[in-house]
Amino acid sequence: MDSYGHAFAAFAPLVAAGAKDAVLARTFESVEDILAQAEETERLLFLSTGLSSTSFVIRSAFDLAAALNKAPPAKPAQITKLARYFENNVHASHIEDVHATLTALSTLSNNAFFVPLAITPVAIRASQQSPRVSVRVTKANGDAAGVPLTVKLVRSASKPVNVALTADASDASLYSFDLVELVSASGSGVYALEISASPAGTGKQSVLCQARPKFSVSPFPAASSKAVDLKFPAAASSKFSVDFLQKIIVRFSLTDAKDQPFIAHQVFARVSNARNDVEHFVIGEHNAQTNQYQIVLDISAIAEALDAASDDYEISIIVGDAGLASAINWKIGTFAISFPDSFKATLLAARKPVSTVGGSRADFATKKEIHHIFRVPEKRPPIIVSTVFIGLVLAPAAFLLVAWGLIGANVKNMSFHPIAHVFHASIAGILLILVLFWLHLSFFTTLKYLALVGIVAAASGNHTLRRIAAAREKASQ
Amino acid sequence: MRIVPVLLALTAVLALTSLSRAAPRVPGKTLVLLENYSLRQTHSTFFRQLQEQDFTLSFALADEKKLSLSSYGDRIYDNLIIFAPSAEEFGGSLTVRSILDFVDHGGNVIVAGSSSIGEPIREFGSECGFEFDEESAAVIDHINFDSKLDNGEHTTIVTDQIIDNKLIAGTNKGRVLFRGVGLVQDLSNPLTIRVLSAESTAYTYFTDEKISVAPHVVGSKTVLVGALQARNNARVLFSGSLDLFSDEFFNAQVNVAGATASPSANRDFAISAALWTFKRSGILRVSGEPKHHLAGQTTVPELYTVFDQIEYSLRVEELVDRNWVGYQGNDMQLEFVMLNPYLRLTLNNTGDGVQHASFQAPDVYGVFQFRVDYKRTGYTYVQVHNQIPVRPLQNTQYERFIFSAFPYYASAFSMMGGLFVFSLVFLYHREAPATKKN
């Protein structure tokens, strides 16, 4: 693409010097092809090779056109889109892009063939207080267009009205007119402004103009016995108590400054509770016959959205429309809505359990700590009981000793043979080992010691008992 | 009575961190799919800021013929930006399926929509838990709209409902300009994050149609920018507005009726969200293996006994300005789990990212797991699981001298004493002479 740009740039001085050649003309005609191949969207047209390339090709094409004194073969719509593309890029931050944008806009604004105009809305909302609508009509580079304009005001349903626009005395690019006066017959709404500047061959463009009506919201008494009159924009002073079988019905009408009914795009009632972060919207219905808006808040129907939580809820009416001077967000009052526990339980039970595949949202917060509760040890008997029983179990031993004392038990037959000592010492040793087992020995060490002492006890016992038996035999003979 | 314990002494250590151990590759290779090339100029600040952060951007038209995200099963790019809301199909081998595969392999994606949304973008959104609203619907707010930039339909809206998370949205709070379509968040998908929502007076509908049915999204539940962090830590950012990233909105002043004009927060918000999506913030990793041992020791044992005092510590690092530094968070939790958690403790950050806990093993034996599952919005997931058996007390470890048992001991010892004395009396008793007389 750039090669075309270089060709145009190279040929321009040749033509200016008086060269006339079929090649020049053919090259110039290729502008049409270039534009046909360019990327084109609904609003923009540009070369796929980028901003600087588009700028260069367009600049050199217009230079060549100026040298040939012949309009470039491009449709006005294409050039308008090109201009819009460059305007889109005025926020560009690269110095190269800024240069490309500004030079291209300058070329498109200062040429003898086609000057696309940009229409920028300045004040497009008109109201009783500020009835004038103004637009800025400029060339692509921001200079005043300086051309006579034909302006038509269009509303879809009615015939277009011709408007005389007057340029501002101090700013030649600023045009304004009194919209409210002009549309007083047809009422408020959204209008389109068609501006054409035909002498420069400019296409038509349109902007949205809005008439800005003043609003009054007048509540109508509701049919029920508990109707309350509200005055916009004040909220009801007292709190209302509502239970889950009741309905809250809000009726009102919207009129513009001329008392004409007005239909707004957004008529919602917002039920909210900041504490639970609950928010629910109910849409208002318009009745064409009575010209009333009615919003029905059936508490049982919205219970699901409110989690059936009994609490104070704030209800506000939101009325918004593109044609409204300022939208309305009117808090009408506080409502204490109560749900019986049984109703809440049924409602929550009927809810589908949230799937826990892949975890739940609770995983993303700190969880409650869990501490292990250790098993409590069994209660033991009091010390006194144990002490008494120790006494009781020792009593037979004590009795034995006392009884032996009384009947005169003795060990007078004991002979002082050394092996007998070994035997009795080993019996005592066995008993001592059992005590040590209780105190700190392990089972296997105990068995080992018992085995050693047991062998000694068996051998010495055999010898001692044999000796005693022999002595008895001898004594009895 | 020392019975050699025949216990299963199998210690399986599972360190399930799906983070890569190495620092993410810098610079990040990024493919940018554009609706048309003029977006390169109209969104130049956004792209330039990414390039300044060492992202290599490869620009292509969404329907270019040779597009591909992977080559022989490997990802070619780290990140993908789709700035082609109305694309009806992508070029080359790019399909919704291949973009989902890209995410499954850890690639990050930023998708911007507008009031005209093509089928692939819509399908990709619903796969990731965000439904774009109907074709040509727009988010409308008759109260919070920008009086300078708006064309009269109140679709250039202003909101300050930015997620309270400095990782995703940065620290600079302000008002964000938005023009586009609303998203419906799939609330049953816990991985989805609402990043930017509308004010409560907003709704999404067709600007030129009377409202006959309730709009899909109304009020502060309207998601304008949503994000998804998949289980493999891949991140996807959905914006309902392409203009949100534009130079025009980056440099604009916000003019709302009744408030003073202030610079828009779009630049900080968009850049910060993009850097988060492309894994430049909110990245955690576990450094080394977690350590656990008995109090007063340093070696990792093969098993624990009930009632043991156990020390557990883990070092977690966060990627800050491309350096790994100790994680500052103080809310990590350790669970000691056998089927159910028996203990859940908040780990104590003892400095430099070392998370520490000290606890007594429960009086239940079996095969337990130390488990740290750390999920916080904005951070990558940290999952560390270590398995360890806990056995019952050994025979010698029970209490020995219980006073209540002393009657039993006393009877045993009196029997033993009796035996000894009786054996002497039995063997050596000499009958009294009186008996001999009989």
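Residues numbered from 1 in each chain as written. Chains lettered and ligands numbered in written order. Predicted model: local features only at pLDDT ≥ 70, side-chain atom pairs only at ≥ 80, totals over all residues. Heavy atoms only, no water.

The name an unreviewed UniProt entry assigns to chain B is Dolichyl-diphosphooligosaccharide--protein glycosyltransferase 48 kDa subunit, from the organism Capsaspora owczarzaki. In UniProt, chain B has this text filed under Sequence similarities (unreviewed entry): "Belongs to the DDOST 48 kDa subunit family." Per UniProt, chain B carries the Subunit (unreviewed entry) text "Component of the oligosaccharyltransferase (OST) complex." (UniProt positions renumbered as here; feature names shortened; annotations may be inferred.)

The name that an unreviewed UniProt entry assigns to chain A is Dolichyl-diphosphooligosaccharide--protein glycosyltransferase subunit 2, with the source organism given as Capsaspora owczarzaki. Per its UniProt entry, chain A bears the Subunit (unreviewed entry) comment "Component of the oligosaccharyltransferase (OST) complex."

Participant: I tried to follow the overall build of chain B on my own but got confused; where do I start?
Facilitator: A count of helices and strands for chain B gives nine helices and 29 strands. Per-residue burial over chain B gives 55% buried out of 438 residues. Once local pairs closer than 6 in sequence are excluded, the contacts in chain B between residues at least 24 apart make up 71%. Carbon together with sulfur atoms contributes 53% to the accessible area of chain B, which is approximately 19000 Å² in total. (Helix = DSSP H or I, 4+ residues; strand = E, 2+ residues; numbered from the N terminus. Buried < 20%, exposed > 50% of the residue type's maximum accessible area, 1.4 Å probe, protein only. Contact = heavy atoms within 4.5 Å. Areas by Shrake-Rupley, 256 points an atom, 1.4 Å probe, with all protein chains shown as cover.)

Participant: For this particular structure, what's the right way to read the overall build of chain A?
Facilitator: The number of helices and strands found in chain A is 11 helices and 20 strands. Evaluated residue by residue, chain A yields a buried proportion of 38% over its 477 residues. For chain A, restricting intrachain contacts to residue pairs at least 6 apart in sequence, the fraction spanning at least 24 positions comes to 68%. Total accessible area computed for chain A in this model is approximately 26200 Å², and 60% of it derives from carbon and sulfur atoms.

Participant: I keep staring at the packing of aromatic side chains and nothing clicks. Help me out?
Facilitator: For any two aromatic rings, the description comes down to two numbers: the centre-to-centre distance and the angle of the planes. All names here are of chain B. Per the counting criterion, the structure on display carries 40 aromatic pairs over all chains. Look at Y304 and F370: their rings are 6.5 Å apart centre to centre, the planes differ by 85 degrees, and that puts the pair in the edge-to-face class. You can see Y304 sitting in strand β21 (residues 304–305) and its partner F370 sitting in strand β28 (residues 366–374), a full 66 residues away along the chain. There is no split in this pair, since Y304 and F370 are both buried. (Phe/Tyr/Trp six-rings, centres within 6.5 Å; stacked < 30°, edge-to-face > 60°.)

Participant: Would you take a moment to explain the interface of chain B and chain A for this structure?
Facilitator: Accessible area lost when the parts come together is the quantity often used to give the size of an interface. Taken together, the contact between chain B and chain A spans 92 residues of the former and 90 residues of the latter. At the boundary of chain B with chain A, total buried surface from both sides reaches about 7700 Å², with 61% on carbon and sulfur atoms. For the pair chain B and chain A, the number of links is two salt bridges. Note that A:R380 is salt-bridged to B:E399, the shortest N-O span being 2.9 Å. On inspection of chain B and its partner chain A, the count reaches 24 residue pairs in polar contact (both at pLDDT 80 or more). Going through the elements one at a time, α1 (39–42), α2 (44–52), β15 (203–205), α6 (247–251), β24 (333–338), β25 (340–346) and α8 (406–428) of chain B are the ones with two or more residues in the side of chain B that touches chain A. If one sorts the elements of the side of chain B that touches chain A by residue count, α8(B) sits on top with 17 residues. Partitioned by chemical class, the residues of the side of chain B that touches chain A number 44 nonpolar, 29 polar and 19 charged. (Buried area = accessible area lost by both parts, 1.4 Å probe. Salt bridge = Lys/Arg side-chain N within 4 Å of Asp/Glu carboxyl O. Polar contact = N/O pair within 3.5 Å; in protein donor to acceptor, adjacent residues only side chain to side chain. Nonpolar A, V, L, I, M, F, W, Y, C, P; charged D, E, K, R; others polar.)

Participant: Whenever I open this one, the UniProt feature "transmembrane region" (unreviewed entry) in chain B confuses me. Can you help?
Facilitator: Look at the UniProt record and you will see "transmembrane region" (unreviewed entry) annotated at residues 406–428 of chain B. Along residues 406–428 of chain B the backbone is 100% helical and 0% strand, and the end-to-end C-alpha distance reaches 33 Å.

Participant: I tried to follow the sheet that holds strand β19 (residues 311–320) of chain A on my own but got confused; where do I start?
Facilitator: Residue and element names in this part refer to chain A. Ordered by their spatial adjacency, five strands build an open sheet running β13-β20-β19-β15-β16, and the pairing between neighbours is mixed. Of all the strands in the sheet, just β13 (240–243) and β16 (278–283) have a single pairing partner and so form its edges. Strand after strand, the sheet turns through a mean of 30 degrees between neighbouring axes, direction not considered. Bridge count between β19 and strand β20 (residues 328–338): nine bridges; the pairing is antiparallel. (Pairing = 2+ DSSP bridges. Axes fitted to C-alpha atoms, helices over the stretch in contact; angles between N-to-C directions.)

Participant: Would you take a moment to explain the pattern of salt bridges for this structure?
Facilitator: Should the charged atoms of two oppositely charged side chains come close, the side chains can pair. In total, this model carries 17 salt bridges over all chains according to the counting rule given. Between A:K70 and A:E29 there is a salt bridge; the shortest N-O distance is 3.4 Å. Of the two residues, A:K70 sits in the loop between α3 (51–68) and α4 (76–88) while A:E29 sits in helix α2 (residues 22–37), which places them 41 residues apart along the sequence. Overall, the relative accessible area of 38% leaves A:K70 in the partly exposed class. Salt bridges sharing partners connect three or more residues here, namely B:R285, B:R315, B:E317 and B:D352.

Participant: Looking at this structure, how should I read the environment of A:G284?
Facilitator: If you trace the backbone, A:G284 turns up in the loop between β16 and β17 (285–287). Among residues more than four places away in sequence, those in contact with A:G284 are A:V267, A:Q294 and A:I295.

Participant: Before we go on, may I ask you to explain helix α9 (residues 383–407) of chain A in this structure?
Facilitator: For an α-helix the count is 3.6 residues per turn, leaving residues at separations of three or four pointing the same way. Taking 1.5 Å of rise per residue, the 25 residues of α9(A) would be expected to cover 36 Å, and the 36 Å separating its terminal C-alpha atoms lies within 8% of that figure. Its axis deflected by about 35 degrees at A:A395, α9(A) carries its strongest bend there, up to four residues before the proline A:P396. The complete set of buried residues in α9(A) reads A:S386, A:I390 and A:W404. Buried residues in α9(A) make contact with α8 of chain B. (Expected span 1.5 Å × (residues − 1). Bend = angle between axes of the 7 residues up to and from the residue.)

Participant: Please clarify how the nonpolar core should be interpreted in this entry.
Facilitator: Generally speaking, nonpolar side chains in soluble globular proteins are found buried as a group. Core analysis: the largest hydrophobic core is formed by 106 residues, its most contacted members being B:F46 and B:F83. Not counting chain neighbours up to four residues away, the residues in contact with B:F83 comprise B:L33, B:L34, B:E35, B:L39, B:H43, B:F46, B:F47, B:I110, B:A112, B:L242 and B:F245. In this structure, A:L230, A:F252, A:V267 and A:W330 belong to the second largest nonpolar core, which totals 38 residues. (Core = buried A, V, L, I, M, F, W, Y, C linked by side-chain atoms within 4.5 Å.)

Participant: Any chance you could explain the pairing of strand β9 (residues 174–178) of chain A here in plain terms?
Facilitator: Two faces belong to every sheet, and in a regular strand the side chains alternate between them. All names here are of chain A. Burial within β9 is extensive, with four of its five residues counted as buried. In this sheet, β9 lies alongside strand β5 (residues 132–139) in antiparallel orientation, the contact comprising five bridges. Residue pairing for β9: R136 is matched across the bridge by L174. With two bridges connecting them, strand β8 (residues 166–167) and β9 associate as antiparallel partners. Directly across from A167, in β9, lies its bridge partner Y175. Taken together, β8 and the strand that follows it, β9, pair antiparallel across an intervening segment of six residues.

Participant: Would you mind showing me how to read a negative patch on the surface here?
Facilitator: Taken together, the side chains of B:D63, B:E64, B:E88, B:E89, B:E119, B:E123, B:E127 and B:E135 make up a negatively charged region of the molecular surface. Along the chain, B:E135 turns up in the loop between β8 (130–132) and β9 (138–140). (Patch = residues over 30% accessible without salt bridge, like charges linked within 9 Å, V, L, I, M, F, W, Y side chains within 5 Å. Lys, Arg positive; Asp, Glu negative; His and termini not counted. Charge placed at Lys NZ, Arg CZ, Asp CG, Glu CD.)

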